[in-house]
Amino acid sequence: MPSATLRHTAWILRGNPLTAVAAFGVMILVLIAIFGPSIAPYDPIASNVSEALLPPSHAHLAGTDQLGRDTFSRLLVATRLDLVIAVAAVGISFVLGAVIGAFCGYAGGRLDRAVGRFVDVMMAFPLFVLAMAMVAALGNRVENIVIATAIINLPFYIRFARAEVNVRRNVGWVEAARASGEGNISVVLRFLLPNVLPAMAVQMSLNLGWAILNAAGLSFIGLGVRPPTPEWGIMVAEGARFISTGKWWLVAFPGLALMLAVLCFNLLGDGLRDILDPRMRT
Amino acid sequence: MTTPLLQIEDLHVTFSTRRGLVEAVRGVTLAVEPGEMLGLVGESGSGKSVTGFATTRLLDPAGRVTKGRILYRGRDVTKIPDGDFRALHGAAMSMIFQNPRAALNPIRAIGLQIADAILSHKRMSKQAASEETLNLLRAVQIRDPEKRMSAYPHELSGGMCQRVMIAIAISCDPMLLIADEPTTGLDVTTQKVVMDLLVKIAADRGMATILITHDLGLAAQYCRRVVVMEKGRLVEEAPPEALFRHPQHAYTKRLVAASPTATSRIEDLVTDEERGEYLAVLAASQPPAEPPPGTPPLLDVKNLAKRYDQGPPAVTGFSMTMKAGESVGLVGESGSGKTTTSRMICRLIDASEGEILFDGESIGHLPAREFHRSPHRKNIQIVFQDPNESLNPRFSAFDCIAHPLLRLSGLRPGNALRQRVEECAQRVGLPVELLSRFPHQLSGGQKARVGIARAIACRPRLLVLDEPTAALDVSVQAVVLQLLDRLRREDNLALLFVSHDLNVVRMMCDRTIVLRNGSIVEAGESRALFENPRDQYTRELVEAVPHIDRGQTRIVAGSQST
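A few words now on the overall build of chain A. From N to C terminus, chain A includes 10 helices and 0 strands. Along its sequence from the N terminus, chain A presents helices and strands in the succession α-α-α-α-α-α-α-α-α-α. Classification of the 282 residues of chain A by burial places 44% in the buried group. Sequence-distant contacts in chain A: of pairs separated by 6 or more residues, those separated by 24 or more amount to 70%.

See below:
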């Protein structure tokens, strides 16, 4: 019933205009990620020393950096990398975390306790330091940022899925599925997981913003993405050197891009739950 | 003539919802005399609770009194400013709710909670309030009140919590108590104790009570005047004898017929006009043919037990047999082990010891997590208690019914499957158009039908029913019970009926087994067992059921119970 879903979505958005704004923002971000390189007015890595450190103007909407590269173009091009890192990291931790957590929550017992303690141990580490250590150990590459971000997110997904499945494991329709001939594995995968997805979608959306910040943070301290690749975190890091001399645009615009992206994902979270939950429909 | 304590005149309450305005109460007029116990009876959605909430001004913010007056001693409750009303609340009227445990603060000792209620209305020292609390705990007959003062709600049983709620409600000597389903969810024996207590307290203090309930029997036993509501309207008001003997309104007739009593038969659950159809079913059905001698019983359970790591065993030494087409009731209060037993027989959980033979074949040796592969999986099906929770929210009604067919009967998506699902839907009286709906788009009764259709889809031979009607309105219950009985007769289906409702079990089942603390206390032919219980506990259970024999209604309110 696609039309019913659309109507329902429209109804939710009407009652919650912020969600609509956030969804619109995320859509723009995705479009920029796809078309960024082709709509950027300048080459993001070509330096032009004669135009270094120009303030925002008509020719350079967000000014230029110390090598004369157009900040606006770099921002546009960086969107793809940042989104890909965030989506890939959250995707991996969601899939692994949801499955591990769901089985633990359903099975209970020794497995559940073992995984639970492991998660506790992981969460006791300062997560960002853990991510730094992992990227440093695995090598300074984009894939490793994704892996590190995914791993430090994993405990949250495991816990979340575990809790959500745990409260549903003895609910009537789960027992009914077993009486209808489902084995335990398919009960978890085909019955319980789809039912905890709406709640997890919220978590994912919030997490996407956080993952973008994390990737930017790693780049900021010099791990992961390396110059001259345009990336919001590096741009903030490089710009920070010039802020004392009044070159504010080098930090302000990448910072703003980061903030807007994180904000959009966070705002989307709540609305998403309402849209995905079939019980909210009538 | 005295002025009534409470007078509701032409009350209208409207809720604003997503689908626009909904009129929950449309023109209710009633009066409560001082000291009277009035029964307000209706099914879900009848507006009975909303009327109560409007009176105590506890309406949900979406609800508004749009018309009419609620006069408490001549003052219109709906027009009193908030500040003045707070003084009235508690001291003049108070309310108790269905789920007492949810109404109490879980992290505060009950003594303090009662004292809070006292101190919010009366000026007195903490010391005096604490003494007053003790008196109240004594008044609601809580044993060891000094010790219980410091107990937390989770340490008390449901019945105890409801007593604490009553203590809070009466702490400021209200003139009017509104009890909204005060005993729903409590065991029958507890229900009787709590209701008797409520009647006694009301009589002692001259307090008027409005008993809001879905249980006509309960209202009839405890109230001198019963008001019946349907769809926001008041349809009939009468003393209970008159209501039972000569119901006037068509709805009351249906409601009275549908409320099972100690003597009703399954065909009595509908009004005289509607009975013909069911009698035809009965006439057409033949008693199940006696199986040839030497045939093993359909179900033979020997010495079943379930132990958990902690605590006493949930079930011990449970044995029973069932023949094809027979119906057996499994009765007990909460914690008696009846649910655990039913799950073991359904092979959803493993027994700690004992044997389960189905058709003479042992099915107990296969662990529960492997049982979905057993050929007997489709022979033993179960209908779950709460229809709201027993359907996967992401499955349409069609998917729900089709699921066991796909898994157990080897059907593939296509015409054959669709036909079989529609056939099942028709058998349980579910309109085929509703099959594309999701559970939240169906009513409670419709969901119950989907649950039954799913259970019978694979043509099982034993159907375990776990409180199948506990969450349903009586009129829906009547239809569902008749449906189950009909399936039993037509398909020679054996029914294991797990329930706490003795009237229902007596009516539905040939034999009854009474469980207490995990073991069988009495078993036998239903009629004999209920008419002449041998065990003390069974006798208590039977006596606790509200008695309303049509034609010889017994009223106990006020006079008898002190």
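This part is about the overall build of chain B. Scanning chain B from terminus to terminus reveals 20 helices and 20 strands. Expected size for 562 residues packed as a compact globule is a radius of gyration near 24 Å; at 25 Å, chain B falls within 12% of this value. Sorting the 562 residues of chain B into buried and exposed places 48% on the buried side. Restricting to contacts in chain B with at least 6 residues of sequence separation, those with at least 24 account for 69%.

To continue, consider unusual backbone geometry. All names here are of chain B. The phi angle at D10 is positive, at roughly 45°, despite the residue not being glycine. Within the fold, D10 resides in strand 1 (residues 6-17). The backbone of R57 shows a phi angle near 55°, a positive value even though the residue is not glycine. Assignment of secondary structure puts R57 in the loop between helix 1 (48-55) and strand 4 (63-72).

This part takes up the pairing of strand 3 (residues 37-41) of chain B. Residue and element names in this part refer to chain B. Taking burial as the measure, the 5 residues of strand 3 include 5 buried ones, the bulk of the element. Residues of strand 3 alternate between two faces, with M37, G39 and V41 on one and L38 and L40 on the opposite face, all of them buried. Direction of pairing for strand 3 relative to strand 8 (residues 208-213): parallel, over a ladder of 5 bridges. In the strand pairing of strand 8, L40 is matched with I212. Pairing of strand 3 with strand 9 (residues 225-230), which is carried by 4 bridges, proceeds in the parallel orientation. Bridging across to strand 9, L38 finds its partner in R225.

On to helix 4 (residues 110-119) of chain B, then. Owing to its 3.6 residues per turn, the α-helix aligns residues three or four sequence positions apart on the same side. Of all 10 residues that make up helix 4 of chain B, 7 are buried, and the element is covered over most of its length. Three or more residues of helix 4 of chain B are buried, namely I110(B), G111(B), Q113(B), I114(B), A115(B), A117(B) and I118(B).

Residues and elements named next belong to chain A. Packing of helix 8 (residues 184-220) against helix 9 (residues 232-240) brings their axes to within 7 Å, and their N-to-C directions diverge by 40°. Judged on the interaxial angle alone, helix 9 and helix 8 are oblique. The handedness of the crossing between helix 8 and helix 9 comes out as right-handed. Residues A215, A216, G217, L218, S219 and F220 of helix 8 touch helix 9, and the partners they reach there are W232, G233, I234, V236 and A237. Counted by class, the contact of helix 8 with helix 9 contains 8 nonpolar, 3 polar and no charged residues.

Once that is clear, we can look at helix 13 (residues 338-345) of chain B. Residues and elements named next belong to chain B. In terms of burial, helix 13 is a largely internal element, 7 of the 8 residues being buried. Residues K338, T340, T341, S342, R343, M344 and I345 constitute the buried set of helix 13. One or two steps after helix 13, the chain reaches R347, where phi turns positive at roughly 60°.

Attention shifts here to the sheet that holds strand 10 (residues 233-238) of chain B. Residues and elements named next belong to chain B. Across the sheet, 6 strands lie side by side as 6-7-8-3-9-10; this open sheet has mixed pairing. Looking at strand neighbours, the two that pair on one side only are strand 6 (93-96) and strand 10, the edges of this open sheet. Taken over all neighbouring pairs, the strand axes of this sheet differ in orientation by 20° on average, direction set aside.

This part covers the interface of chain B and chain A. Size of an interface, as often reported, equals the accessible area lost when the parts are brought together. With 25 residues of chain B in contact, the opposing surface of chain A contributes 18 residues. Elements that contribute at least two residues to the side of chain B that touches chain A include exactly strand 16 (380-383) and helix 14 (397-408) of chain B. In terms of residues, the side of chain B that touches chain A owes the most to one element, helix 14 of chain B, which gives 4 residues. Of the residues assigned to the side of chain B that touches chain A, the class counts are 9 nonpolar, 8 polar and 8 charged.

A few words now on the confidence of the model for chain B. Residues and elements named next belong to chain B. This prediction gives chain B a mean pLDDT of 86; 96% of its residues lie at or above 70. The low-confidence segment residues 550-562 (pLDDT under 50) makes 27 contacts with residues lying over four places distant or belonging to another chain. The ipTM value of the predicted complex is 0.78, and its pTM value is 0.81.

Before going further, it helps to spend a moment on the packing of helix 7 (residues 172-179) of chain A against helix 8 of chain A. Residues and elements named next belong to chain A. At a closest axis distance of 11 Å, the pairing of helix 7 and helix 8 adopts a crossing angle of 140°. When the interaxial angle is binned, helix 7 and helix 8 end up oblique. The way helix 7 lies across helix 8 gives a crossing that is right-handed. Together, V174, A177 and R178 of helix 7 and V187, F191 and L192 of helix 8 make up the contact between the two elements. Grouping the amino acids of the contact of helix 7 with helix 8 by side-chain chemistry returns 5 nonpolar, no polar and 1 charged.

Our next topic: the sheet that holds strand 1 of chain B. Residues and elements named next belong to chain B. Across the sheet, which stays open at both edges, the 4 strands sit in the order 2-1-4-5 with antiparallel pairing between neighbours. With partners counted over all chains shown, the strands left at the sheet margins are strand 2 (20-32) and strand 5 (75-76), one partner each. By the bridge criterion, 10 bridges tie strand 1 to strand 2 in an arrangement that is antiparallel. Bridge pairing in strand 2 places H12 opposite R26.

The next thing to look at is the environment of E132(B). All names here are of chain B. Within the secondary structure layout, E132 lies in helix 5 (residues 126-139). Take E132: there are 17 C-beta atoms within 10 Å of it, and that puts it in the partly exposed class. For the pair formed by E132 and Q113, sequence separation is 19 residues and the distance between their alpha carbons is 12 Å.

A word on the pairing of strand 7 (residues 176-180) of chain B. On any regular strand, side chains alternate: one points to one face of the sheet, the next to the other face. Residues and elements named next belong to chain B. Of all the 5 residues making up strand 7, 5 are buried; the element is thus mostly covered by neighbouring parts of the structure. When strand 6 meets strand 7, the two strands line up parallel, connected through 4 bridges. Bridged to I96 within strand 7 is A179. Bridge count for strand 7 against strand 8 is 5 bridges, and the pairing is parallel. In the strand pairing of strand 8, A179 is matched with L211. For the crossover that starts at strand 7, traverses helix 8 (residues 188-205) and ends in the parallel strand 8, the hand is right-handed.

This paragraph deals with the environment of L495(B). All names here are of chain B. With respect to the secondary-structure elements, L495 resides in strand 18 (residues 494-499). Residue classification places L495 among the buried residues on the basis of 23 C-beta atoms within 10 Å. With 41 residues separating them in the primary sequence, L495 and Q536 have C-alpha atoms 27 Å apart. Among all residues touching L495, those that are not within four sequence positions of it are S327, L463, L465, L484 and R488.

Our focus in this paragraph is the confidence of the model for chain A. Overall, the predicted model of chain A reaches an average pLDDT of 85, with 96% of residues at or above 70. Averaged pLDDT values for the elements of chain A fall to 70 in helix 1 (residues 2-15) of chain A and rise to 92 in helix 3 (residues 71-107) of chain A.

Rules of the game
- Residues numbered from 1 in each chain as written.
- Chains lettered and ligands numbered in written order.
- Predicted model: local features only at pLDDT ≥ 70, side-chain atom pairs only at ≥ 80, totals over all residues.
- Helix = DSSP H or I, 4+ residues; strand = E, 2+ residues; numbered from the N terminus.
- Buried ≥ 20, exposed ≤ 12 C-beta atoms within 10 Å, placed from the backbone.
- Contact = placed C-beta atoms within 7 Å.
- Rg over C-alpha atoms; globule rule 2.2 N^0.38 Å.
- Pairing = 2+ DSSP bridges.
- Axes fitted to C-alpha atoms, helices over the stretch in contact; angles between N-to-C directions.
- Parallel < 35°, antiparallel > 145°, perpendicular 65-115°, else oblique.
- Left-handed = near helix turned anticlockwise from the far one by under 90°.
- Nonpolar A, V, L, I, M, F, W, Y, C, P; charged D, E, K, R; others polar.
- pLDDT = per-residue confidence, 0-100.
- Right-handed = clockwise from strand over helix to strand, strands pointing away.

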